[in-house]
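An overview of the molecular structure
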Amino acid sequence: MDKNKRTEISSLGEFKLIDRICAPFQSEQKSTVKEAGDDAAVIDAGDRYILLSNDLMLEGVNFDLTYFPLQHLGYKAVVVGISDILAMNGTPRQILIALGISSRFSVEMIDLFYEGVRAACQDYHVDLVGGDTSASVNGLTLSITATGDVEKDKIVYRSGANTNDLVCLSGDLGAAYMGIHLLEREKRACNGQPNPHPKFEGYEYILRRQLKPEARMDIIEHLAQNGIVPTSMIDISDGLASEALHLCKASDKGMRIYLNRLPIAKQTYAMAEELHSDPVVAALNGGDDYELLFTVPLSKQAEISAMGIDIIGHITAPDTGAKLITPDGQEIALRAQGWK
Ligand code: ADP
Ligand code: MG
């Protein structure tokens, strides 16, 4: 290694950095079926596959406790973890949460956080089976490990999309992103006031999408009941554009998504208008939606529509790339986000 060389992480970005970290590692264990690169790692457990996923949530980066109630944060931590298990078509089973806690936190505050964790564990039928606890210099740090399992012939990777498959989406986009913008605006407006009265009326939906997201276990169950195994799948934590590109790259395919088919909620539009921002940018790049983006063969069109799932586009040959098609037929190339 050249000791004088310094490459800024921003010049690589999140996704290239992960590729660089993982590239020199080669699996030695026969049971390692899929290492880094999908929503969860896949381990051969004999008759089934075990799924493993880890997520990091840092105060000041991923959440702001000025407006994020600790119970909601506990709930969201579990949702974030199990969403990646669902994205492999798996059933979430266990969760481990490691905490870094600064002296600003009291025992009662940690109790509140775990009230939320418990509520989510009950809602999604997962067990908290461990974690770690350490002092922290800087606020609250959360590391969430989720486990799950799936029958071997039911596993869904990011890589299985076929040309002409339908691109399906489990719910609306951009609401959580507009929710955080509303919370930030009211934080600024209330700053320094002795009796702050944030204005949230009419925006309950976008706030809920940010503060109490749900993982789409219902969709995974519904697909299974209808005998549908998607050809590829990913959960939307970073925004549709990034996740669509991950799916295209892993499947070595292109994608056409139609702008007028993107599900965007009324409150997302209304908030975007109030803040003079673009609801489509929120849908494409916002993140924190925890919806599922998946592909199915064209023959499943009627069943998917009957389930109330939005079909937003289709898979194309790799050379056409990933494109957003505007109502007047213009093609806009999708761009990956990720942090820098
Ligand atoms: P998601 O948004 O679904 O949680 P990420 O974008 O965080 O996924 O990660 C994508 C893939 O890269 C995952 O398979 C994850 O395990 C892997 N990954 C991320 N960071 C690291 C790291 N520091 N070391 C090894 N693998 C990583
Ligand atoms: Mg994911």
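That block above? That's the structure.
Here's what I pulled together on the structure shown here. The shown structure was predicted, so the numbers you read here are calculated from the model rather than taken from an experiment.

**Description of the overall build of the protein chain**
- Within the protein chain, the regular secondary structure consists of 11 helices and 13 strands.
- At 20 Å, the protein chain has a C-alpha radius of gyration in line with the 20 Å of a compact globule built from 340 residues.
- Summarising its shape, the C-alpha atoms of the protein chain cover approximately 60 × 55 × 50 Å along the three principal directions.
- A fraction of 83% describes how many contacts in the protein chain between residues 6 or more apart in sequence connect residues 24 or more apart.
- For the protein chain, the accessible area works out to roughly 17300 Å², and carbon and sulfur atoms hold 51% of it.

**Regarding the environment of Thr-231**
- Its place among the elements puts Thr-231 in the loop between α7 (217-225) and β8 (232-236).
- Remark: the alpha-carbon pair of Thr-231 and Asp-165, spanning 66 residues in sequence, is separated by 8.2 Å.
- For Thr-231, the residues in contact, after removing those within four places along its chain, are Val-156, Tyr-157, Gly-160, Ala-161, Asn-162, Asp-165, Thr-295, Val-296 and Pro-297.
- Polar side-chain contacts of Thr-231 include one of 2.7 Å to the side chain of Asp-165.
- Among the polar contacts listed, one links the side chain of Thr-231 to the side chain of Thr-295, at a separation of 2.6 Å.

**Brief notes about the sheet that holds strand β13 (residues 331-333)**
- Taking strand neighbours across the sheet as the criterion, the 7 strands line up as β8-β10-β7-β11-β9-β12-β13 in an open arrangement whose pairing is mixed. Two strands in the sheet have a free side with no partner beyond their single neighbour: β8 and β13. Each adjacent strand pair in this sheet contributes to an overall mean axis angle of 25°, direction not counted.
- Where strand β9 (residues 254-258) and strand β11 (residues 310-316) come together, 4 bridges link them in antiparallel fashion. Across the sheet, the residue bridging to Arg-256 is His-314, located in β11.

**Remarks on the pattern of salt bridges**
- For the coordinates displayed, the defined rule picks out 19 salt bridges.
- Residues Arg-185 and Glu-186 are paired through a salt bridge, measuring 3.1 Å at the closest nitrogen-oxygen approach.
- The class for Glu-186 is buried, based on a relative accessible area of 7%.
- A single network of salt bridges, built from pairs that share partners, joins Arg-209, Arg-216, Asp-218 and Glu-291.

**Things to note about the coordination of the magnesium ion (ligand 2)**
- Protein ligation of the magnesium ion (ligand 2) involves Asp-39 (OD), Asp-84 (OD) and Asp-235 (OD), the donor distances falling in the range 2.0 to 2.1 Å.
- In terms of primary sequence, the donors binding the magnesium ion (ligand 2) are separated according to D-x44-D-x150-D. With Asp-84 in helix α3 (residues 70-86) and Asp-235 in strand β8, this pair connects stretches of sequence that are 151 residues apart.
- Note on Asp-84: relative accessible area 8%, which makes it buried.
- Overall, the relative accessible area of 1% leaves Asp-235 in the buried class.

**Focus on the site of ligand 1**
- As a structural note, the neighbourhood of ligand 1 is formed by 13 residues, with Gly-37, Asp-38, Asp-39, Asp-84 and Ser-237 the closest of them.
- A distance of 3.0 Å separates an oxygen atom of ligand 1 from a polar atom in the side chain of Asp-39.
- At a separation of 3.1 Å, an oxygen atom of ligand 1 approaches a polar side-chain atom of Ser-237.
- Protein contact buries 64% of the 560 Å² of open area that ligand 1 shows by itself.
- Considering each element in turn, the shell around ligand 1 owes the most residues, 4 residues, to helix α2 (residues 14-22).
- When the residues that make up the shell around ligand 1 are grouped by side-chain class, the tally is 4 nonpolar, 2 polar and 7 charged.

**A short note on the pairing of strand β7 (residues 166-169)**
- The alternating pattern of β7 places Leu-166 and Cys-168 on one face and Val-167 and Leu-169 on the opposite face, and all of these are buried.
- Pairing of β7 with strand β10 (residues 291-296), which is carried by 4 bridges, proceeds in the antiparallel orientation. By the bridge assignment, Leu-169 is partnered in β10 with Leu-293.
- By the bridge criterion, 4 bridges tie β7 to β11 in an arrangement that is antiparallel. Counterpart to Leu-169 in the pairing with β11 is Asp-310.

Rules used in this analysis
Residues numbered from 1 in each chain as written. Chains lettered and ligands numbered in written order. Predicted model: local features only at pLDDT ≥ 70, side-chain atom pairs only at ≥ 80, totals over all residues. Heavy atoms only, no water. Helix = DSSP H or I, 4+ residues; strand = E, 2+ residues; numbered from the N terminus. Rg over C-alpha atoms; globule rule 2.2 N^0.38 Å. Contact = heavy atoms within 4.5 Å. Areas by Shrake-Rupley, 256 points an atom, 1.4 Å probe, with all protein chains shown as cover. Polar contact = N/O pair within 3.5 Å; in protein donor to acceptor, adjacent residues only side chain to side chain. Pairing = 2+ DSSP bridges. Axes fitted to C-alpha atoms, helices over the stretch in contact; angles between N-to-C directions. Salt bridge = Lys/Arg side-chain N within 4 Å of Asp/Glu carboxyl O. Buried < 20%, exposed > 50% of the residue type's maximum accessible area, 1.4 Å probe, protein only. Donors = N, O, S within 2.8 Å, 3.2 Å for Na, K, Ca; no water. Near = heavy atom within 4 Å. Nonpolar A, V, L, I, M, F, W, Y, C, P; charged D, E, K, R; others polar.

The values reported here are purely geometric and, on their own, carry no functional implication.
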